[in-house]
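Overview (structure and organization)
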Amino acid sequence: MSNNANDARAPAGAWDAHADDYLRLFSPLTGHVARGMVALVQSRLPDAPRLLDIACGPGDLAVAAATLCAERGAGSVLATDISPRMVALTQRALQPIDADAGAEVRDGQDLGLESASFDAALSCFGIFLFPDRVAGWQAAAETLRPGGIFVTSVWRGPEFNELAKAQMGPLMSALPARLTDPPPRASWADLMTAEGLVEEITCAAPLIDPEIHILDATLALPTPKAMWRGMVGNPITGALIAACTPEERQEVEHAVLAAFESRSGGRELPFVLNNSCHVLIARRA
């Protein structure tokens, strides 16, 4: 999973370092979407489904899937992520649930799992950030039995997402010109529209009958400073900030925080942003 709208997937170690902040600050946002994804497809699953979570992050989707299995008294969940720390957080989150559920460190571009062995594969804000998305879509489809369900979520464009505008607008304006000329383009920009998302996935993998749903979610952070800390720790925005000299970083922080505080109404007031994503559901041919 990712709360950021900019570039490609960072190395596992960078996500390890960000995992606890992600859980604390951004999981309430992405977790809402993850639960919605499971709710959208639960009626289409067999009574004892075998479910795969790709790029599980701190475990929100895995927990929702495991809870479904626990309620049914049958089924299993395997959560995977390239980050060992994310996997550890997911394992911890799954422990209280009375279900056959676990988490493993695996690269979503090359999962190494048995073909045609899962009833559903889900990825909440995961595969769309992979360096090789095509490999990610193909690997997910490969795990599915014929007729199995694939589900993924991708942020819509910035006109629908206050998070993207509130973060990246002030940051791009404040960064030194050498870091923004030419302006960085989101690696997943072609997937921001429903049409672009459907076209890429159905061309890349044997997935058919795609349908698009829209899910909205609100991010509420305690203060503008919390948002800045999250950006510094995020492997993507953090890389841009880390490229600044100490003097430049101080200026960037001052400018970005000023913009955040203006939006929230004060430095000690909550920072609340409304966001929207596409959820694609398709079937394995």
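Residues numbered from 1 in each chain as written. Predicted model: local features only at pLDDT ≥ 70, side-chain atom pairs only at ≥ 80, totals over all residues. Heavy atoms only, no water.

Taken together, the seven strands give an open sheet; going across it, the order is 3-2-1-4-5-7-6, and neighbouring strands pair in mixed fashion. Because the sheet does not close on itself, it has two edges, and the strands there are strand 3 (100-105) and strand 6 (207-221). Pairwise comparison of adjacent strand axes, ignoring direction, gives a mean angle of 15 degrees for this sheet. Across six bridges, strand 2 (residues 76-81) lies against strand 3 in parallel orientation. The residue bridging Leu 78 from the neighbouring strand is Gly 102, located in strand 3. Across the face of the sheet, helix 7 (residues 194-204) comes into contact with strand 5 (144-155), strand 6 and strand 7 (271-284) while running at roughly 130 degrees to strand 6. (Pairing = 2+ DSSP bridges. Helix = DSSP H or I, 4+ residues; strand = E, 2+ residues; numbered from the N terminus. Axes fitted to C-alpha atoms, helices over the stretch in contact; angles between N-to-C directions. Contact = heavy atoms within 4.5 Å.)

A few words now on the environment of Ala 103. Note that Ala 103 resides in strand 3. The exposure class assigned to Ala 103 is buried, which follows from its relative accessible area of 10%. Setting aside chain neighbours within four positions, we find Ala 103 in contact with Ala 79, Val 87, Thr 90 and Gln 91. (Buried < 20%, exposed > 50% of the residue type's maximum accessible area, 1.4 Å probe, protein only.)

Core analysis: the biggest nonpolar cluster contains 91 residues, and Phe 128, Trp 137, Phe 150, Leu 171 and Met 227 have the highest contact counts within it. Sort the elements by how many residues they give to this core and helix 1 (residues 12-41) lands first, with 11 residues. Leaving out residues up to four positions away in the same chain, Trp 137 has contacts with Ile 127, Phe 128, Phe 150, Thr 152, Leu 191, Glu 200, Ile 201, Ala 204 and Ala 205. (Core = buried A, V, L, I, M, F, W, Y, C linked by side-chain atoms within 4.5 Å.)

So, on to unusual backbone geometry. Here the bond from Asp 181 into Pro 182 is cis, since omega is 5 degrees, no more than 30 degrees from zero. For Pro 182, the position within the fold is in the loop between helix 6 (177-180) and helix 7. Even without being a glycine, Ala 116 presents a positive backbone phi close to 50 degrees. Summarising the element assignment, Ala 116 is placed in the loop between strand 3 and strand 4 (118-124). Of note in the backbone geometry, Phe 125 takes a positive phi value of approximately 50 degrees without being a glycine. By the element assignment, Phe 125 lies in the loop between strand 4 and helix 4 (133-142). Looking at Phe 125, the relative accessible area reads 1%, which means it is buried.

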